[in-house]
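Residues per chain, in single letters:
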Amino acid sequence: MTSKRSSPAFRRRRRRGYALFALFAFPNLALIAVFAYWPIIENLYLSLTSWDFISPEPFFVGFSNYTALFASESFQNVLWITVVWVVVVVGVSLLLGVALAALFSMKLPGTTAVTGIVFAPHVISGAAIAAVWLFIFDQNYGLARVAFNMFGLDSPAWTTDANWALAALLIVSIWKGVGFVAIVYLAAMQGLPSEVLEAARIDGANRWQTFCRITLPLLSPTTFFLVITQTISAFQAFDIIAVMTGGGPASATTTLSWFIYDQAFQRSNVGYSAAAGTVMFVILMIITALQFKFIEKKVHY
């Protein structure tokens, strides 16, 4: 007696199922392959060559770009600036975001309007925001000058002083991104089980104890999501740097993303830039893998 799985009708249905799956999956897989994986492979190849955009063909040089990259003190400085950038932007954005979300969740008068105002910078072009902050940081006419003068101090040269330029960019980047973090945290807080919070209040926990011991642990999946997305976003920061400082002064604000652009399109050193891009890709992969391995263990679903 023929089983159902070996019958011709079952095989025809299975073939139709495979064909339907391929019909829907192939276009997506093709787009991912062309616009995601192929550029990675092409960049890896270019990192092993020397090319200036003008020569007809890249010249294969092996791993010399990588050895020159890691032997360079300037590149080590770029990596250090990038680490500071990512840690500060992600850490401060998460702390301010969860604090703002907790404040918004109290439903005080005017909360809706303030929430919209806080979120607005996230949807505005980074270049436009950078242009506005250039006026704010202007040493002679900006609002920052007024604030310093109130205390009898002179405003620093925010974007032209190597001691202040990175701080200026960090302020702008955090200001732009904290609204998104706050809205995500707020949405997560509004979805928390009310019976758990009510039980904590009945047991005598005050607002601070409830927030630290109940709310924050329940928000761990959201925190996990934001740590990953904000880390990747911080590594890719470009527009604010391009408009406000151009990586200067004296490379004080040259992050890895700007270094890659500068080497390729301003210095025509494509192979060197591609090697730096590969390093950035590997760093992001390692960070993401570590986050999934260690941070996810502390997530309470």
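## Re the confidence of the model for the protein chain
Note: predicted coordinates in regions of low pLDDT should not be interpreted at a detailed level.
At step 1: Chain-level pLDDT for the protein chain is 89 on average; 96% of the residues reach the 70-or-more range.
At step 2: The weakest mean pLDDT in the protein chain belongs to helix H8 (residues 194–202) at 81; the strongest belongs to helix H3 (residues 73–104) at 95.

## A word on helix H9 (residues 207–218)
At step 1: Within H9, the full set of buried residues consists of Thr210, Phe211 and Thr215. Angularly, the buried residues of H9 cover 95° about the axis, an arc narrow enough to put them on a single face.
At step 2: Turning to H9, the residues buried within the fold contact H3, helix H7 (165–190) and H8.
At step 3: Backbone nitrogen of Trp208 and a side-chain oxygen of the N-cap are separated by 3.2 Å at the start of H9; the cap is Asn206.

## A few points about the packing of aromatic side chains
At step 1: Tallied over the full model, the rule gives 16 aromatic pairs.
At step 2: Aromatic pair Phe70 and Phe75: ring centres 5.9 Å apart, planes at 90°, arrangement edge-to-face.
At step 3: Looking at Phe70, the relative accessible area reads 45%, which means it is partly exposed.
At step 4: For Phe75, a relative accessible area of 0% puts it in the buried group.
At step 5: Their ring planes at 70° and their centres at 5.5 Å tell us that Trp133 and Trp175 sit as a pair that is edge-to-face. With Trp133 in helix H5 (residues 126–136) and Trp175 in helix H7, the pair connects residues that are 42 residues apart, well separated along the chain.
At step 6: By relative accessible area, which is 13% here, Trp133 ends up buried.
At step 7: Taken together, the ring pairs connect Trp51, Phe53, Phe238, Trp258, Tyr261 and Phe265 into an aromatic cluster.

Quick notes on the rules
Residues numbered from 1 in each chain as written. Predicted model: local features only at pLDDT ≥ 70, side-chain atom pairs only at ≥ 80, totals over all residues. Heavy atoms only, no water. pLDDT = per-residue confidence, 0-100. Helix = DSSP H or I, 4+ residues; strand = E, 2+ residues; numbered from the N terminus. Buried < 20%, exposed > 50% of the residue type's maximum accessible area, 1.4 Å probe, protein only. Arc of directions from axis to C-beta. Contact = heavy atoms within 4.5 Å. Polar contact = N/O pair within 3.5 Å; in protein donor to acceptor, adjacent residues only side chain to side chain. Phe/Tyr/Trp six-rings, centres within 6.5 Å; stacked < 30°, edge-to-face > 60°.

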